[in-house]
Amino acid sequence: MDYPSKLIEDAVNQVAKLPGIGKKTALRLVLHLIKNKEENTFALTQALNKLRSSIKFCNCCHNISDTDLCFICTSHKRDRRILCVVEDAKDVMAIENTSQYNGVYHVVGGVISPMNGVGPTDLKIESLVSRLNQEQSEVKEVILALSPTMEGDTTAFYINKRIKDLTGKITVIARGVPVGGDLEYADEITLGRSILGRTLFN
Amino acid sequence: MHLETLHLLSFKNYLDENLRFSPRINVLVGKNGSGKTNLLDAIYYLGFTKSAFSSSDQQCITQGNSYFFIKGVFKNDSTTKEVTSTVQLGAKKIFREDSLEYQKLSEHIGKYPIVLIAPDDVYLVNEGSEGRRRFFDGIISQLDKIYLENLIQYNQALKLRNGLLKLYAERGSAVDWIAFESYDKLLSTLGDSIFKRRSAFIIEFSPVFQKYYHFLVENSESAEVQYNSELKGKTFSAGLMDVRPRDVALQRTNFGIHKDDYDFILGNEALKRYGSQGQQKSFVIAMKLAQFEILDLHKGFKPILLLDDIFDKLDDFRIARLLELIKSEFGQLFITDARPERTRGLLNHINVPSTVFNIDQGKVTLYEQQEK
Ligand SMILES: Nc1ncnc2c1ncn2[C@@H]1O[C@H](COP(=O)(O)OP(=O)(O)OP(=O)(O)O)[C@@H](O)[C@H]1O
Ligand SMILES: [Mg+2]
Ligand SMILES: [Zn+2]
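Residues numbered from 1 in each chain as written. Chains lettered and ligands numbered in written order. Predicted model: local features only at pLDDT ≥ 70, side-chain atom pairs only at ≥ 80, totals over all residues.

Re the environment of Leu46 of chain B
All names here are of chain B. Structurally, the position occupied by Leu46 is in helix H1 (residues 36–48). Look at Leu46 and you get buried, because 21 C-beta atoms sit within 10 Å. C-alpha of Leu46 to C-alpha of Ile25: the two residues are 21 residues apart in sequence and 19 Å apart in space. If we ignore the near neighbours within four places in the chain, the residues touching Leu46 are Ile70, Gly72, Val83, Ser85 and Tyr112. (Helix = DSSP H or I, 4+ residues; strand = E, 2+ residues; numbered from the N terminus. Buried ≥ 20, exposed ≤ 12 C-beta atoms within 10 Å, placed from the backbone. Contact = placed C-beta atoms within 7 Å.)

Considerations on the pairing of strand S10 (residues 261–266) of chain B
Residues and elements named next belong to chain B. Burial along S10 is one-sided: the residues Tyr262, Phe264 and Leu266 are buried and none of Asp261, Asp263 and Ile265 is. As judged from the six bridges shared by strand S9 (residues 223–228) and S10, these two strands associate in the antiparallel manner. By the bridge assignment for S10, Ala223 is matched with Leu266. Sheet topology note: the S10/strand S11 (residues 269–270) ladder contains two bridges and is antiparallel. The residue of S11 that forms the bridge with Ile265 is Ala270. Taking the residues that link successive antiparallel strands as the turn, the S10-S11 hairpin has two residues, and the phi of Gly267 there is positive, at about 65 degrees. (Pairing = 2+ DSSP bridges.)

Some points on the site of ligand 1
Within the structure, ligand 1 sits among 17 residues, and Asn32, Gly33, Lys36, Thr37 and Asn38 of chain B are positioned closest to it. Across the shell around ligand 1, the residue classes break down as two nonpolar, 12 polar and three charged. (Near = placed C-beta within 6 Å. Nonpolar A, V, L, I, M, F, W, Y, C, P; charged D, E, K, R; others polar.)

Take a look at the structure:
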């Protein structure tokens, strides 16, 4: 595409680097910015700059945080005997939104994915091991809440191996038929697993 | 089962063709390069969701175009099903049965069994083990959904395991074998079940194959297909343990059912070294005929048979034998021949009605129809 200005071109190229945004959408966003009030754009860039320079990750659970220790890790209301292992901050938000969980988290930062160059040492697994190894660790149960893919399963298997002597029990989140869904529309594998992993009524 | 109608849009050298076929014998005649094999390939595509001759979908699109579309209407007793395939450059391939899109292409495999006998089938004898595994996997997958799923998962796990070996090699760091345990466990479970299925299949396949080989070749020596797997002498986990040093050195997995092979034996010798060209051809045709019979047996209906230039390669005795089968054993049949007189003469000789299509530069015309 030919742009009328080098400035536009540079801006479009930067915006188009964001996930899910192509050149066309990027151009629309850039044109929107220059059409609107100048201070709006500065407010945006300021927020982004501040985000990048000040964002922190919790020293304990590696979730995104404004402080050295996140509000979940410091809260007195959370149950420190249950620890949930997730891939990233999005998953923490998703589980928090369910209001069904009151334990703490450990964000490993992804899954073992050789095709994307991610091995076990690229994840915060060592830090989970030392967290559970600490004398004051009260963790009685670790919940593995990783993606139900071969990569997720591999990672869960690896973590299980590494921590199995460091905690009471290790559980995985249930996999099954979506609530409100029709049984006949569930795919065979999901339905098969739901049958195998059935639970007592009540 | 038979293919009643076929619609092709920009598939290879077919721009827009609507065809109606005979439920019995369809003869496709035309000069070299007219599109006879391409038409067989389009039919094959509907059965297997991929081409038999081109390695990519892109090669099936008419040059200069950006998509192709195939629609086939299949009839089996009183039920009629419409299968369509839409391939667009840069988009996901779409396969539909009666307008309902498949979530996974593998769900389609086996529903419309097709057997193809082509001149270059002797690659099964002369080339590497991969083609032989693919041939047998193709048959078993059409009989056994779970086998196909297991195979797909096995290959995915294998790819990830090899990827992890490469990752450690690139980083030059010591291999953490704990990270491999999950793959190894998956490979063992899936591999064991694939090994068992392959072993069982060859027991079913062998007598059928031998029947056809001896039917095609008079006074023949013993012919045998043997399944060879390192799993015969070792458990999967022990095998993986033994090859660890080699895995690290070569950055790939050196034990497993992906290394299996099938040995073709004539007399007591390897067919590849010992067999004449004619014997090799008969051997391969007998394997394909066995494939046909086994599919027929399991499905309860006859697969569609595609015979590409088959008469070119056989002597009169074997042609006569094949014609006997055409008369009595097969259902719907597509035969290509660049020499129309020959095929028509042969079919007239055995007094079997056929429909002849003439093909010229991707245009098909009905040439002659004899029905009883
Ligand atoms: N993607 C494509 N687009 C256009 N034409 C194609 C495409 N792929 C193949 N062809 C053409 O199809 C022709 C080959 O057709 P095919 O192999 O079906 O011939 P055939 O009738 O079987 O010939 P033979 O008697 O030699 O076996 C070639 O001329 C080739 O140019
Ligand atoms: Mg041909
Ligand atoms: Zn925290």
